[in-house]
Amino acid sequence: MLGEVRDPRRTAPPIGVISGRSGTGKTALAVHVAHRTAGLFPDGRLFMDLRASDSAPVRTADALARLLRALGVDPDPSPRDEEDLLGLYRTHIARRRVLLILDNAVNEALLRPLLPPGGGSAALVTSRRRLVALEGAAHLDLDVPSLAESLDLLARVAGPDRPTDEPARAAEIVTLCGRLPLAVRIAGAEFVEAAATWRCGPACGSATPSSARRSSARCGAWP
């Protein structure tokens, strides 16, 4: 999809929407794609967290001002309304070929003013919602990985020998994490940081599920 920026006939930016529940790896995937496609965007990549999960998501005017500063344009410190900022933003981004990563998007209405004009730039959006009303967007819905994929991730974080030593316990951990990649990473990292051995015996048998529950709770998956 992002390769379409090479098409001189395009009059609108390619837009990709990555949707899924919290902890499925939407942001990590968007950042990975941004690194892999850096050569398509000689003027850089801009990242903006719109904080949809917060009680006070980023306002459009604030987002425009931050993007302008990222483009090297310092908006007039005097109060500007949204239309002024939008005009300034479109003027400056239209001259560039950039990849815009809009993370944690709230809704389509907030996104539209932030999208770059023309076909030379592109946007990757992550959201818990599918944002089906965003015109011209390609959609990717992320689901949780399979059990085998989750075990492989745990092995890469905690060390390859540990899950194979006690496969039942490893399966319990990823299940308690809801197989969410972020929760699995947190649980695996906690084992490494604590320098605990996988074969820790009855004394810590309850610690493993507790760590997984805490990790899953941080991702909003544990009641």
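Note that this is a predicted model, so its numbers are computed, not measured.

Engineer: What is the right way to look at the sheet that holds strand E3 (residues 99-103) in this model?
Structural biologist: Strand-to-strand pairing in sheets goes through backbone hydrogen bonds, with the strands running parallel or antiparallel. Read from one edge to the other, the open sheet built from 5 strands follows the order E2-E3-E4-E1-E5, with strand pairing classed as parallel. The outermost strands of the open sheet, each flanked by one partner alone, are strand E2 (45-49) and strand E5 (137-141). Strand-to-strand, the axes of this sheet are offset by a mean angle of 15 degrees, without reference to chain direction. Where E2 lies against E3, 5 bridges are found, and the strand directions are parallel. In the strand pairing of E3, aspartate 49 is matched with aspartate 103. Sitting on the sheet, helix H2 (residues 60-70) is in contact with E2 and E3, with an inclination near 150 degrees to E2.

Engineer: What am I meant to see in helix H7 (residues 167-176) here?
Structural biologist: Because an α-helix packs 3.6 residues into every turn, residues spaced three or four apart end up facing the same way. Buried within H7 are the following residues: Arg169, Ala170, Ile173, Val174 and Leu176. Looking straight down H7, one finds its buried side chains confined to an arc of 165 degrees; they lie on one side. Exposed residues lying more than 90 degrees from the buried face of H7 are Pro167, Ala168 and Thr175. Where H7 ends, the next residue or the one after it, glycine 178, has phi of about 70 degrees, a positive value.

Engineer: When you look at helix H3 (residues 82-93) in this model, what are you seeing that I'm missing?
Structural biologist: The terminal C-alpha atoms of H3, which comprises 12 residues, lie 16 Å apart, in line with the 16 Å expected from a rise of 1.5 Å per residue. Of all the residues in H3, the buried ones are Leu85, Leu86, Tyr89, His92 and Ile93. Along the axis of H3, the buried residues cluster in a sector spanning 140 degrees; they form a single face. Elements in contact with the buried residues of H3: H2 and E3.

Engineer: Quick question: what am I supposed to make of the packing of helix H5 (residues 147-158) against H7 here?
Structural biologist: For any two helices packed against each other, the geometry comes down to the angle between their axes and how far apart the axes lie. Interhelical geometry of H5 versus H7 gives an angle of 105 degrees and a closest axis separation of 10 Å. Classified by the angle their axes make, H5 and H7 are roughly perpendicular. On H7, the residues that touch Leu147, Ser150, Leu151 and Leu154 of H5 are Ala170, Ala171, Ile173 and Val174. Of the residues belonging to the contact of H5 with H7, the class tally is 7 nonpolar, 1 polar and no charged.

Engineer: Teacher, can you tell me more about a negative patch on the surface here?
Structural biologist: On the surface, Asp81, Glu82, Glu83 and Asp84 cluster together to form a negatively charged patch. Turning to its location among the elements, glutamate 82 is positioned in helix H3.

Engineer: What's the story with the side chain of lysine 26 in this structure? I'm lost.
Structural biologist: By secondary structure assignment, the location of lysine 26 is in helix H1 (residues 26-36). We note that lysine 26 is buried and unpaired, the nearest opposite charge coming from aspartate 103 at a distance of 7.0 Å. Setting aside its immediate chain neighbours within four residues, lysine 26 contacts Ile18, Ser19, Gly20, Arg21, Thr126, Ser127, Arg128 and Leu142.

Engineer: Is there a simple way to think about the pairing of strand E1 (residues 15-19) in this case?
Structural biologist: Consecutive side chains along a regular strand alternate between the two faces of the sheet. Here E1 lies mainly inside the structure; 5 of its 5 residues are buried. Direction of pairing for E1 relative to strand E4 (residues 122-127): parallel, over a ladder of 5 bridges. In the sheet register, serine 19 faces E4, and the bridge partner there is serine 127.

Engineer: How do you make sense of the packing of H2 against H3 when you look at a structure like this?
Structural biologist: Between H2 and H3, the least distance of the axes is 9 Å, while the angle of their chain directions is 30 degrees. Of the two possible hands of crossing, H2 and H3 adopt the one that is left-handed. Contacts from Thr60, Ala61, Leu64, Leu67 and Leu68 in H2 reach Glu82, Leu85, Leu86, Leu88, Tyr89 and His92 in H3. Looking at the contact of H2 with H3 residue by residue, the classes come out as 8 nonpolar, 2 polar and 1 charged.

Calculation notes
Just so you know, the residues in each chain are numbered from 1, in the order the chain's sequence is written. In view of the model being predicted, local features appear only for residues whose pLDDT reaches at least 70, and side-chain atom pairs are presented and counted only at 80 or more, with totals across whole chains, interfaces and linings using the full set of residues. Based on all heavy atoms of the structure, the side-chain values leave hydrogens and waters out of the count. Strand pairing requires that DSSP identify at least two bridges connecting the strands. For the purposes of this entry, the term helix denotes a DSSP run of H or I that reaches at least four residues, the term strand denotes a run of E that reaches at least two, and both are numbered from the N terminus. To obtain each axis, a line is fitted to C-alpha atoms, and for helices this fit is confined to the stretch in contact; angles are then taken between N-to-C directions over 0 to 180 degrees. Residue contacts follow a heavy-atom distance rule, with two residues in contact if any of their heavy atoms lie within 4.5 Å. Exposed residues in this analysis have more than 50% of their type's maximum accessible area, buried residues have under 20%, and partly exposed residues fall in between, with area computed by a 1.4 Å probe over protein chains only. To be clear, the arc concerns the directions from the helix axis to the C-beta atoms. Here, expected helix span is obtained from the residue count minus one, scaled by 1.5 Å. By the definition adopted for this analysis, an angle is roughly parallel if under 35 degrees, roughly antiparallel if over 145, roughly perpendicular if from 65 to 115, and oblique otherwise. Each residue is assigned to one of three groups, with Ala, Val, Leu, Ile, Met, Phe, Trp, Tyr, Cys and Pro labelled nonpolar, Asp, Glu, Lys and Arg labelled charged, and all others, Gly among them, labelled polar. Without a salt bridge and with relative accessible area above 30%, a residue can belong to a patch; like charges are then joined within 9 Å and nonpolar side chains (Val, Leu, Ile, Met, Phe, Trp, Tyr) within 5 Å. Using a 1.4 Å probe, the Shrake-Rupley method yields the accessible areas, and only the shown protein chains count as cover for residues. Whenever Lys or Arg places a side-chain nitrogen within 4 Å of a carboxyl oxygen from Asp or Glu, that contact is recorded as a salt bridge. In this tally Asp and Glu are treated as negative and Lys and Arg as positive; neither His nor the chain ends contributes. Where a charge sits is defined by one atom per residue type, namely NZ (Lys), CZ (Arg), CG (Asp) or CD (Glu). It is the rotation of the near helix from the far one that decides the hand of a crossing: anticlockwise by less than a right angle makes it left-handed, clockwise makes it right-handed.

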